[in-house]
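So you can see what is in the structure, the chains are spelled out below.
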Amino acid sequence: MDLTTIVGALEDRQAIADVIHAYCDHFDRNEPEAVAALFTAHATVDYGPETATIVGAEAIAATIAVGLEQTFAATSHHVSNIRIAFESPDAARAVTYLYAWHRYLDGSPDGELWGRYRHRFVRSDAGWKIAELVLEAAGAVDFHRATMYPIGRR
Amino acid sequence: MDLTTIVGALEDRQAIADVIHAYCDHFDRNEPEAVAALFTAHATVDYGPETATIVGAEAIAATIAVGLEQTFAATSHHVSNIRIAFESPDAARAVTYLYAWHRYLDGSPDGELWGRYRHRFVRSDAGWKIAELVLEAAGAVDFHRATMYPIGRR
Amino acid sequence: MDLTTIVGALEDRQAIADVIHAYCDHFDRNEPEAVAALFTAHATVDYGPETATIVGAEAIAATIAVGLEQTFAATSHHVSNIRIAFESPDAARAVTYLYAWHRYLDGSPDGELWGRYRHRFVRSDAGWKIAELVLEAAGAVDFHRATMYPIGRR
């Protein structure tokens, strides 16, 4: 590969990580419209088997807004272990570890989740956008969902 | 932008992240002078409304040394979600997620903090230095401070 | 340094971080052979003073397999604060923070570890491999090991 291509891929990795970070930041600051703006118009979000897959940036904003207003007093989404694989110059898949802490409005004990985000990203005229998000759980304590997608441990 | 500028910015991002990592490592190893050496001579550190803003590398070393000797038996500062925005080629602001675990000398229950560092960095002849640090909290459990700056959740 | 060298080092940093991430992912998915494939043939793994140093990829797979099958119901290894220092173009040392969560098969309370990986990496024909791994602990709660190497806090 030539140097320009290599550097472009390094820049893309940094930009994609920043989209994941922006998702966390806007979620934790209760900014559902800003969360939704990180997704493509027809993106799908699948938080687990207990809820329907959310389709499209508008529905994402509306659905997240309900949880952020009615369920959580505070959240903190710490991501790490971000692994990005390019499918093409303009599309990538990523697996990201999530350690999320949640304080509930109803006074339930703080919930902790040790999970994974499986993302698909596509490049748009406005930069990288999330086209798919699936949430999986390695484990959880006092979390508000009883059933989650597993991480695929043998 | 030309390739040299783009690569320089990628290198700067890596160097700035390493300063944040060095802060955590020296803090957790009880090396207050090494922590202070990461700051500019006139840097400000604001850990929250309960304590006065610390000004200058010398005061930072002295102040941190007290906490490291008298409050903590052990700490572990895990940072992630680092987002860096350049103000100029030689100055940057960053928001970093912090998950910090603390064991206290007085036998109090371990304290956990889910926080944010807001940094300003400037380039010096000796590399990137911290010019400002503000600590915010999304939440905490059994933490030794009752009042913290909020993260700005709506 | 010329641009090609600088970009090569940035790529190497990304590749080395991905090896650390792959270790966590394969460990958490109970894939001991895939974990072992990340190491050199004569690599050493030292998880602490309670267990013998493991030598060689084959022994690593066999030893890890026992723990993954007999001790853990689930694990989640969240790494961050990765600091890489090159010893030569083809060898590097790294310090990585680890926040690890463990659920035990025997029903013991979940174990948490706030640790450090000290790695040595070497470049092979098949990319970067782990030549050495030492695990240290800043602290732990309900962890299945009583004695760990300390992080060197003064």
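Everything below is about the structure printed above this text.
Residues numbered from 1 in each chain as written. Chains lettered and ligands numbered in written order. Predicted model: local features only at pLDDT ≥ 70, side-chain atom pairs only at ≥ 80, totals over all residues. Heavy atoms only, no water.

Caption draft 1: Examining the state of the cysteines more closely. Considering all chains together, one arrives at 0 disulfides over all chains under this definition. Here Cys24 of chain A is not disulfide-linked; the sulfur of Cys24 of chain B is the nearest cysteine sulfur, at 18 Å. Taking relative accessible area as the criterion, Cys24 of chain A reaches 0% and is therefore assigned buried. (Disulfide = S-S within 2.5 Å. Buried < 20%, exposed > 50% of the residue type's maximum accessible area, 1.4 Å probe, protein only.)

Caption draft 2: The relation of the copies chain C and chain B, seen in detail. For the pair chain C and chain B, the superposition axis carries a translation of 0.0 Å, the fit reaches an RMSD of 0.0 Å, and the rotation angle comes to 120°. The symmetry that links the two subunits is that of a three-fold axis. For chain C, the residue whose C-alpha comes nearest the rotation axis is Ser80 of chain C, separated from it by 3.6 Å. Comparing contact sets, just 20% of the residues at the interface of chain C also lie at the interface in chain B, consistent with a heterologous contact between different surfaces. (Least-squares fit on C-alpha atoms with pLDDT ≥ 70 in both. Contact = heavy atoms within 4.5 Å.)

Caption draft 3: Up close: the relation of the copies chain B and chain A. Rotating chain B by 120° and translating it 0.0 Å along the rotation axis places it on chain A, where the RMSD comes to 0.0 Å. By residue overlap, the copies meet through two different surfaces: only 20% of the interface positions of chain B are interface positions in chain A.

Caption draft 4: Layout of empty space enclosed by the protein. Overall, the coordinates contain 2 cavities of 30 Å³ or more when judged by the stated rule. The computed volume of the largest cavity comes to approximately 1,000 Å³. Gln14 and Ala17 of chain A, Ala17 of chain B together with Gln14 and Ala17 of chain C are the residues nearest the centre of the largest cavity, which is lined by 35 residues in total. Across the lining of the largest cavity, the residue classes break down as 15 nonpolar, 12 polar and 8 charged. The volume enclosed by the second largest cavity comes to roughly 120 Å³. (1 Å grid on protein atoms, 1.4 Å probe; cavity = no way out; pocket = protein on both sides within 12 Å on 5 of 7 lines; lining within 4 Å. Points joined across faces, edges and corners; volume = space filled by probe spheres on them. Nonpolar A, V, L, I, M, F, W, Y, C, P; charged D, E, K, R; others polar.)

Caption draft 5: Broad picture of the packing of helix H1 (residues 3-28) of chain B against helix H1 (residues 3-28) of chain C. It is at 11 Å that the axes of H1 of chain B and H1 of chain C come closest, and there the two elements cross at 40°. With respect to their mutual orientation, H1 of chain B and H1 of chain C come out oblique. Viewed along their axes, H1 of chain B and H1 of chain C form a crossing whose handedness is left-handed. Residue-level contacts link Leu3, Thr4, Val7, Leu10, Glu11, Gln14 and Asp18 of chain B of H1 of chain B to Leu3, Ile6, Val7, Leu10 and Arg13 of chain C of H1 of chain C. (Axes fitted to C-alpha atoms, helices over the stretch in contact; angles between N-to-C directions. Helix = DSSP H or I, 4+ residues; strand = E, 2+ residues; numbered from the N terminus. Parallel < 35°, antiparallel > 145°, perpendicular 65-115°, else oblique. Left-handed = near helix turned anticlockwise from the far one by under 90°.)

Caption draft 6: Structural context of helix H3 (residues 57-70) of chain C. All names here are of chain C. For H3, spanning 14 residues, the distance from its first C-alpha to its last is 20 Å, which sits close to the expected 20 Å at 1.5 Å a residue. Taken as a whole, H3 has its buried residues at Ala57, Ile60, Ala61, Ile64, Gly67 and Leu68. The buried residues of H3 all sit within an arc of 135° when viewed along its axis, so they share a single face. Turned more than 90 degrees from where H3 packs its buried face, Glu58, Glu69 and Gln70 sit exposed. In this structure, the buried residues of H3 make contact with H1, helix H2 (32-36), strand E1 (39-46), strand E2 (54-55) and strand E3 (72-88). (Expected span 1.5 Å × (residues − 1). Arc of directions from axis to C-beta.)

Caption draft 7: Summary view of the interface of chain B and chain A. Residue-level contacts link 25 residues of chain B with 31 residues of chain A. Summed over both partners, the interface of chain B with chain A comes to about 2,300 Å²; 50% of that surface belongs to carbon and sulfur atoms. Taken as a group, Arg83, Arg153 and Arg154 of chain B account for 30% of the area that chain B buries against chain A, more than any other trio of residues on that side. Across the chain B-chain A interface, the total number found is 3 salt bridges. Close ionic contact of Asp28 of chain A with Arg116 of chain B constitutes a salt bridge, the shortest N to O distance being 3.2 Å. Joining chain B to chain A, the criterion identifies 18 residue pairs in polar contact (both at pLDDT 80 or more). At the level of secondary structure, the elements contributing two or more residues to the side of chain B that touches chain A comprise H1, strand E3 (72-88), strand E4 (91-104), strand E5 (111-124) and strand E6 (127-141) of chain B. Considering only residue class, the side of chain B that touches chain A consists of 13 nonpolar, 5 polar and 7 charged. (Buried area = accessible area lost by both parts, 1.4 Å probe. Salt bridge = Lys/Arg side-chain N within 4 Å of Asp/Glu carboxyl O. Polar contact = N/O pair within 3.5 Å; in protein donor to acceptor, adjacent residues only side chain to side chain.)

Caption draft 8: Fine view of the pairing of strand E1 (residues 39-46) of chain B. All names here are of chain B. Judged from the 4 bridges that link them, E1 and E6 form a sheet pairing that is parallel. Across the sheet, Val45 pairs through a bridge with Leu133, a residue of E6. As defined by bridge partners, E1 adjoins strand E2 (residues 54-55) across 2 bridges and the pair is classed as antiparallel. Residue Thr44 lies in a different strand from E2, and its bridge partner there is Val55. (Pairing = 2+ DSSP bridges.)

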